[in-house]
Amino acid sequence: MNRKFYGKFIILGKIQAITGLHIGSQRDISEIGGIDNPVIKDPHTGLPYIPGSSLKGRLRSLFEILTNSKLEEWKGRYPSLTEYSPGSCRTEGRENCGRFFNKRINRGWIHVCQTYEAALNCPVCRLFGASGNESNFPARVIVRDAFLTDKWVERWKAGEEITEAKIEVGIDRVTSQANPRTNERVVAGTEFEFEILYTIEELSHWEDDIKNLLTSMVLLEDSYLGGSGSRGYGKVRFSFDSLEFRPVEYYRSGNMESIIWINVRDKSAVEVLGNFNDLFAEVERKLGAG
Ligand SMILES: [Zn+2]
């Protein structure tokens with residue numbers, strides 16, 4: 001293991017619920033009158049928020065699916081992907097050997113590289129991290145919890161409802177019995193502040209990793225966040241406020257002048273991705289292209 005540090009990208013912006021959003025809490029539900037399925041709330045304020053782990057997990061899983069469909073095309077760029085090509089399994093005794101989705105979590109399968117070396121050469125694990133059987137690869141991306149914007153906190157203080165109760169009727173496929181449940185969800189329009197950090201550990205990787213991160217954000221906008229996505233919940237949209245590159249000088253000598261500000265204000269994820277070369281030109285001049 002030979003880790004290095006060349007700086008960080010700090011990405012700030014807003015994530016807006018375009019439809020009602022349900023990210024469930026693990027809390028015992030009996031204490032909350034009438035709601036079977038509450039949304040997760042910040043215990044200090046009682047206000048709903050988006051846990052960083054939920055957002056990161058969803059970005060990862062959508063990018064895993066894309067990667068699995070690109071195994072052949074991408075294996076030159078990311079050598080670990082050859083390991084997952086069908087029929088290429090050389091390791092004995094590994095469960096689900098040779099398949100990209102190789103680790104079972106609850107009812108589903110996810111992808112995790114098993115060694116540090118493999119994760120370093122995998123587009124998913126080097127960005128989002130891997131807790132393999134043999135060694136761990138720390139994620140290069142950090143997704144903070146996303147709390148309500150000041151504007152929405154003010155609206156809540158003024159008496160506006162931030163969540164609503166929605167009755168969902170499930171039908172038992174065998175008995176045809178209706179099975180109503182009350183879901184709590186964050187109302188459409190609500191905005192949260194997101195913060196995503198990326199650590200540059202490899203000069204030849206940062207461009208690719210940031211593009212992959214942006215791709216996963218664009219994929220999320222055309223998918224859903226949280227529960228009941230197939231029933232219309234969880235459509236979200238990102239808009240960027242700022243994106244700064246903080247080089248080593250910033251951390252070594254507190255040199256604020258060394259920060260490179262990338263002009264992303266009010267841009268969407270797809271606009272940042274589509275204008276990547278222009279937007280990141282100055283960082284590229286400083287660090288070198290990937
Ligand atoms: Zn991997």
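Topic: the overall build of the chain
The number of helices and strands found in the chain is ten helices and twelve strands. For 290 residues, the compact-globule formula gives about 19 Å, and the C-alpha radius of gyration of the chain, at 21 Å, lands near that figure. Seen through its C-alpha atoms, the chain measures out along the principal axes to roughly 55 × 55 × 30 Å. Looking at the chain residue by residue over its 290 residues, the buried ones come to 47%. A total accessible area of about 14,900 Å² is found for the chain, and carbon and sulfur atoms account for 47% of it. Charged side chains in the chain number 38 positive and 40 negative. The centres of these two groups are separated by 3 Å.

Here's the deal with the pairing of strand β11 (residues 236-247)
Most of β11 is tucked away, with ten of its twelve residues classed as buried. Of the strand pairs in this sheet, strand β1 (residues 7-17) and β11 are connected by eleven bridges, and their pairing is antiparallel. Bridging from a neighbouring strand, Ala17 pairs with Val236 of β11. Both β11 and strand β12 (residues 260-262) contribute to a ladder of three bridges, which runs antiparallel. Each residue of the ladder has a partner; that of Leu243, found in β12, is Ile262.

Digging into the packing of helix α1 (residues 52-68) against helix α6 (residues 206-221)
Between α1 and α6, the shortest axis-to-axis distance is 9 Å and the interhelical angle comes to 100 degrees. Between α1 and α6, the crossing angle belongs to the class labelled roughly perpendicular. For the pair formed by α1 and α6, the contact residues are Leu55, Arg58, Leu59, Leu62, Phe63 and Leu66 on the first element and Asn212, Leu213, Thr215, Ser216, Met217, Leu219 and Leu220 on the second.

Some details on the pairing of β1
Of all eleven residues in β1, eight are buried; the element is thus mostly enclosed. Sheet topology places β1 next to strand β10 (residues 191-200); ten bridges connect them, and they run antiparallel. Its bridge partner being in β10, Lys8 is matched across the sheet by Thr199.

Re the side chain of Asn183
Following the sequence through the fold, Asn183 ends up in strand β9 (residues 178-186). Its relative accessible area of 4% is what places Asn183 among the buried residues. At 2.9 Å, the side chain of Asn183 forms a polar contact with the side chain of Asn37.

Things to note about the environment of Gly170
Here Gly170 is to be found in strand β8 (residues 163-171). You can call Gly170 partly exposed: its relative accessible area is 30%. With residues up to four places along the chain from it excluded, the contact list for Gly170 reads Gln177, Ala178 and Asn179.

Re the nonpolar core
Counting residues in hydrophobic clusters, the biggest one holds 70 residues, and the most contacted among them are Phe9, Ile15, Trp206, Met217 and Phe280. Ignoring any residue separated from it by four or fewer positions in sequence, one finds Phe280 in contact with Phe9, Trp206, Ile210, Leu243, Ile262 and Val272.

Considering the packing of aromatic side chains
Under the defined criterion, the tally for this structure stands at 17 aromatic pairs. Consider the rings of Phe5 and Tyr251, whose centres lie 5.5 Å apart with planes at 75 degrees: the pair is edge-to-face. One end of the pair, Phe5, is in the segment before β1; the other, Tyr251, is in helix α7 (residues 248-253), and 246 residues separate them in sequence. The class for Tyr251 is partly exposed, based on a relative accessible area of 36%. Judged by centre distance (5.4 Å) and plane angle (45 degrees), the rings of Phe9 and Phe245 are tilted. With a gap of 236 residues between them, Phe9 in strand β1 and Phe245 in strand β11 connect regions that are remote in the sequence. Classification of Phe245 as buried rests on a relative accessible area of 0%. What links up through ring pairs into an aromatic cluster is the set Phe9, Tyr198, Trp206, Phe245, Phe276 and Phe280. The ring of Trp152 carries Arg155 above its face, with NZ or CZ at 4.1 Å from the centroid. The side chain of Arg185 reaches across the aromatic face of Tyr233, ending 4.5 Å from its centre.

What about the pattern of salt bridges?
Across all of its chains, the model carries 17 salt bridges by this definition. The salt bridge involving Asp208 is made with Arg126; its shortest N-O contact spans 3.4 Å. On the criterion of sequence distance, the pair formed by Asp208 in helix α6 and Arg126 in helix α4 (residues 125-128) is long-range, its members being 82 residues apart. Judged by relative accessible area, Asp208 falls into the buried class, the value being 17%. Under the relative-accessibility criterion, Arg126 is labelled buried at 3%. For Glu160, the salt bridge identified is with Arg155, shortest N-O distance 3.2 Å. Residue Arg155 is classed as partly exposed on the basis of its relative accessible area of 31%. One salt-bridge network, in which partners are shared between bridges, spans Arg77, Arg126, Arg140, Asp208 and Asp209.

Criteria and thresholds
- In this numbering scheme, every chain counts its residues from 1 along its sequence in written order.
- Totals for whole chains, interfaces and linings use all residues, but because this is a predicted model, local features are given only for residues with pLDDT of at least 70 and pairs of side-chain atoms are given and counted only at 80 or more.
- Note that water and hydrogens are dropped before the side-chain values are worked out from all heavy atoms of the structure.
- Each helix is a run of H or I in the DSSP string that is no shorter than four residues. Each strand is a run of E no shorter than two, and both are numbered from the N terminus.
- Based on C-alpha atoms, the radius of gyration is set beside the globule rule, defined as 2.2 Å times the residue count to the power 0.38.
- Think of it in three bands: with a 1.4 Å probe and only protein chains considered, a residue is buried below 20% of the maximum accessible area for its type, exposed above 50%, and partly exposed in between.
- Computed with a 1.4 Å probe, the accessible areas rest on the Shrake-Rupley method; for each residue, only the protein chains presented here act as cover.
- Here the positive residues are Lys and Arg and the negative ones are Asp and Glu; neither His nor the chain ends is included.
- One atom stands in for each charge, and that atom is NZ of Lys, CZ of Arg, CG of Asp or CD of Glu.
- Only when DSSP finds a minimum of two bridges between them are two strands counted as paired.
- An axis is simply a line fitted to the C-alpha atoms; with a helix, the fit covers only the stretch in contact. Between two such axes, the angle follows the N-to-C directions and lies from 0 to 180 degrees.
- We call two directions roughly parallel when the angle between them is under 35 degrees, roughly antiparallel when it is over 145, roughly perpendicular when it lies between 65 and 115, and oblique otherwise.
- Here, residues are in contact when the closest pair of their heavy atoms is within 4.5 Å.
- A 3.5 Å cut-off defines polar contacts: any pair of N or O atoms within that distance qualifies, except that in protein one atom must be a possible hydrogen donor and the other a possible acceptor, and neighbouring residues in sequence count only when both atoms are side-chain atoms.
- As used in this record, nonpolar core signifies buried Ala, Val, Leu, Ile, Met, Phe, Trp, Tyr and Cys residues forming a set joined through side-chain atoms within 4.5 Å.
- Stacked, edge-to-face and tilted are the three classes for Phe, Tyr and Trp ring pairs, Trp counted by its six-membered ring, which pair at centre distances within 6.5 Å; planes under 30 degrees apart are stacked, over 60 edge-to-face, the rest tilted.
- The rule is short: NZ of Lys or CZ of Arg within 6 Å of the ring centre and within 35 degrees of the ring normal puts a charge over the ring.
- A pairing counts as a salt bridge when a side-chain nitrogen of Lys or Arg comes within 4 Å of a carboxyl oxygen of Asp or Glu.

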